[in-house]
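Read off the chains here:
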Amino acid sequence: MESEDEFDMQDAAAESADDDFYSGGDDAFDSDDADVADYEFIDNDSDDSDELISNRHQQNYTVLSETDIHQRQEDDIMRISTVLSIPKVSASILLRYYNWSVSKVHDEWFANEEKVRKAVGLLEKQVVQFPDGREMTCGICFETYPHDRLHAAACGHPFCYLCWQGYISTSINDGPGCLMLRCPDPSCNAAIGHDMINKLASDEDKDKYFRYFIRSYVEDNRKTKWCPAPGCDYAVDFVVGSGSYDVNCRCSYSFCWNCTEEAHRPVDCGTVAKWILKNSAESENMNWILANSKPCPKCKRPIEKNQGCMHITCTPPCKFEFCWLCLGAWSDHGERTGGFYACNRYETAKQEGVYDEAEKRREMAKNSLERYTHYYERWATNQSSRQKALADLQQMQTVHLEKLSDIQCQPESQLKFITEAWLQIVECRRVLKWTYSYGYYLPEYEHGKRQFFEYLQGEAESGLERLHQCAEKELQVYLSADGPSKDFNEFRTKLAGLTSVTRNYFENLVRALENGLADVDSHGACSRTGSSKSLGGGSSRGRGGRGKGSTSRSSGPSRNIDDSGHWSCEHCTYANVKSATICAMCQQRR
């Protein structure tokens with residue numbers, strides 16, 4: 001595949017000159033906090049976009065249907081056939097041998113054509129002459145047939161129709177190895193192309209062969225992969241080394257091209273692999289056993305205590321009776337040890353700090369299990385919320401938008417801000433889900449980074465909840481209205497603003513995590529102002545006195561007031577009128 005068939009990786013769409021307060025661009029507000037690192041925002045708002053997520057960035061990949069794959073195959077075969085002056089059948093054999101790399105075929109062929117022909121099985125002349133007009137013996141069944149009932153590959157070795165059909169059918173049913181089929185003669189290396197398959201194979205075997213042939217174009221090519229979604233027949237042609245691995249297939253499934261797991265920014269593929277393995281491994285079962293059971297002192301089988309009594313009896317055939325607290329024999333428990341139900345050996349040891357190794361392991365396992373459960377529950381909950389948001393998005397697109405259009409007397413093309421909000425919710429739920437696996441593997445000793453991470457995560461989650469509530473609950477008022485609502489345009493402004501603000505939050509959260517939380521210095525310090533600014537969209541590139549209110553954030557009540565008399569909220573960057581003392585978006589005080 002040639003580079004002209006692929007899209008180059010570029011940055012997101014160029015920022016508009018008329019950025020509003022939500023875009024987080026230079027025009028949002030000025031700042032003199034040049035010492036605080038910030039993350040640049042990208043204004044991606046577009047009312048004319050049909051695919052709001054997949055077209056948000058210029059693609060560095062191409063989604064291919066089966067027709068597209070077949071066309072690319074034909075183009076590559078024709079190119080090789082023309083340049084090397086060989087039949088198309090031979091060109092397809094060459095490309096298949098070199099994993100569909102046109103450049104590799106060119107390099108090898110012009111370096112040593114004879115060596116390539118020998119390796120691939122492309123013969124310049126027949127090994128055996130196939131004479132006309134007389135009978136010959138089949139090399140497999142050793143029956144004698146007229147020459148017109150025998151067939152041979154380029155080598156000329158004759159075999160009857162039934163033997164050819166059986167040989168080809170067996171090879172095809174054995175799997176994709178049939179694409180490298182050679183002459184049945186053990187001493188011959190001649191390749192068998194699809195012309196022989198067309199002539200001799202059954203219709204069923206032909207279908208299987210050409211299915212393998214098309215799939216080989218994807219599976220043998222390092223630049224293409226199948227979409228991993230169940231039942232999806234699309235493939236992805238990727239520009240290797242072009243940046244982000246996130247891919248959005250036409251089937252609506254998003255995945256990482258590098259590891260083929262679901263899209264997982266900002267977490268790297270190695271962390272995802274560890275997290276998935278941990279979720280499915282027996283190690284967590286063992287942690288639960290260690291944390292919630294104790295071994296029988298005699299037979300060592302783990303026992304879970306499911307009643308209040310400390311008198312434990314092991315299951316048959318062991319039947320050993322022991323104390324749950326001290327694991328001593330129950331026969332030793334009496335008045336001299338503090339009473340049958342008042343064994344104090346465990347409490348005494350605990351107060352003195354004397355633990356045996358088994359108790360230490362049990363305590364560590366319990367702490368590890370509690371920590372893992374904390375992160376896993378939140379990971380799974382955001383996954384469930386994302387699935388629900390996807391269902392709500394589908395219902396919105398198929399049912400509610402048409403209904404809302406009729407009620408509000410507005411065309412559906414003017415209601416795309418609702419679809420964009422739901423698409424943003426789905427994307428943010430995915431990002432938020434993977435931040436919990438990031439947090440789980442964040443080293444415990446990185447206290448500064450952990451505090452910074454939890455702050456960024458909390459701010460982003462708070463913004464997402466505001467957006468989700470607005471799109472889910474506040475929209476219901478207009479869906480159940482009897483007629484056009486005069487404040488619907490205000491709702492449009494609010495939802496579009498929240499969508500943009502939330503997008504900025506999460507874009508910067510992703511950048512911060514992918515940069516390894518580089519805003520935290522070597523001493524673990526990171527200012528809260530810098531954190532809020534990096535999420536909220538403030539730019540440190542002040543424009544030098546472009547208004548009387550162009551001062552730092554600590555300059556008093558007039559901070560963040562622009563030329564039009566609006567002030568931007570420090571929490572969500574919403575542009576409020578000058579007279580307001582409470583943000584109309586997030587209800588935070590000025």
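My aim in this report is to walk through the structure given alongside it, one point at a time. (Residues numbered from 1 in each chain as written. Predicted model: local features only at pLDDT ≥ 70, side-chain atom pairs only at ≥ 80, totals over all residues. Heavy atoms only, no water.)

### So, the nonpolar core
In this structure, Leu404, Ile418, Trp422, Phe491, Leu495, Phe506 and Leu517 are the most contacted members of the largest nonpolar core, which totals 52 residues. Taken together, the elements giving at least two residues each to this core come down to helix H8 (269-280), helix H11 (357-408), helix H12 (416-440), helix H13 (447-479) and helix H14 (488-514). If one sorts the elements of this core by residue count, H12 sits on top with 14 residues. Trp109, Cys183, Tyr217 and Trp226 belong to the second largest nonpolar core, which has 49 residues in total. (Core = buried A, V, L, I, M, F, W, Y, C linked by side-chain atoms within 4.5 Å. Buried < 20%, exposed > 50% of the residue type's maximum accessible area, 1.4 Å probe, protein only. Helix = DSSP H or I, 4+ residues; strand = E, 2+ residues; numbered from the N terminus.)

### What about the sheet that holds strand S6 (residues 224-226)?
Spatial strand order, S1-S7-S6: three strands in an open sheet with antiparallel pairing. The open sheet has two edge strands with one neighbour each: strand S1 (61-64) and S6. Going from strand to strand, the sheet's axes swing by 25° on average, the running direction of each strand aside. Docked against the sheet, helix H1 (residues 66-84) engages S1, S6 and strand S7 (235-238), running at close to 105° with respect to S1. (Pairing = 2+ DSSP bridges. Axes fitted to C-alpha atoms, helices over the stretch in contact; angles between N-to-C directions. Contact = heavy atoms within 4.5 Å.)

### Focus on the environment of alanine 263
By the secondary structure assignment, alanine 263 is in the loop between strand S9 (254-256) and H8. For the pair formed by alanine 263 and tyrosine 245, sequence separation is 18 residues and the distance between their alpha carbons is 8.2 Å. In contact with alanine 263, other than residues within four places in its own chain, are Asp246, Ser254, Phe255, Cys256, Arg430 and Trp434.

### Here's the deal with H8
Because each turn of an α-helix spans 3.6 residues, side chains separated by three or four positions in sequence point in the same direction. With 12 residues, H8 should cover 16 Å at 1.5 Å per step; its first-to-last C-alpha distance of 17 Å lies within 8% of that length. What H8 keeps buried is the set Cys269, Thr271, Val272, Trp275 and Lys278. Near the N-terminus of H8, the side chain that reaches the backbone nitrogen of glycine 270, with its oxygen 3.0 Å away, is that of aspartate 268. (Expected span 1.5 Å × (residues − 1). Polar contact = N/O pair within 3.5 Å; in protein donor to acceptor, adjacent residues only side chain to side chain.)

### With respect to the packing of aromatic side chains
Per the stated rule, a full pass over the model turns up 28 aromatic pairs. Relative to phenylalanine 213, the ring of phenylalanine 210 has its centre 6.4 Å away and its plane inclined at 80°; by these criteria the two rings are edge-to-face. One end of the pair is phenylalanine 210 and the other is phenylalanine 213, both in helix H7 (residues 203-219) and three residues apart, which spans about a single turn. Between the aromatic rings of tyrosine 440 and tyrosine 441, the centroid separation amounts to 5.0 Å while the plane-to-plane angle is 90°, which identifies the pairing as edge-to-face. Relative accessible area serves as the criterion here: at 26%, tyrosine 441 is assigned to the partly exposed category. Grouped by ring-pair contacts, the aromatic residues Trp275, Tyr372, Tyr375, Tyr376, Trp379, Trp434, Tyr440 and Tyr441 constitute a single cluster. For arginine 371, the ring lying beneath its charged end belongs to tyrosine 440, and the centroid distance is 4.6 Å. (Phe/Tyr/Trp six-rings, centres within 6.5 Å; stacked < 30°, edge-to-face > 60°. Lys NZ or Arg CZ within 6 Å of the ring centre and 35° of its normal.)

### A look at the pairing of S1
Going residue by residue along S1, you find Tyr61 and Val63 tucked away on one face and Thr62 and Leu64 tucked away on the opposite face as well. Bridge count between S1 and S7: four bridges; the pairing is antiparallel. Of the residues in S7, the one forming a bridge with leucine 64 is alanine 235.

### Structural notes on the pattern of salt bridges
Tallied over the full model, the rule gives 20 salt bridges. A salt bridge links glutamate 113 to arginine 117, with the shortest nitrogen-to-oxygen separation between them at 3.0 Å. Separated by four residues within a single helix, glutamate 113 and arginine 117 lie in helix H4 (residues 113-120), roughly one turn from each other. Judged by relative accessible area, which is 32%, glutamate 113 ranks as partly exposed. Glutamate 514 is the partner of arginine 265 in a salt bridge, and the nearest nitrogen-oxygen pair spans 2.8 Å. With a gap of 249 residues between them, arginine 265 in the loop between S9 and H8 and glutamate 514 in helix H14 connect regions that are remote in the sequence. (Salt bridge = Lys/Arg side-chain N within 4 Å of Asp/Glu carboxyl O.)

Without other data, these values stay purely geometric and don't point to any function.
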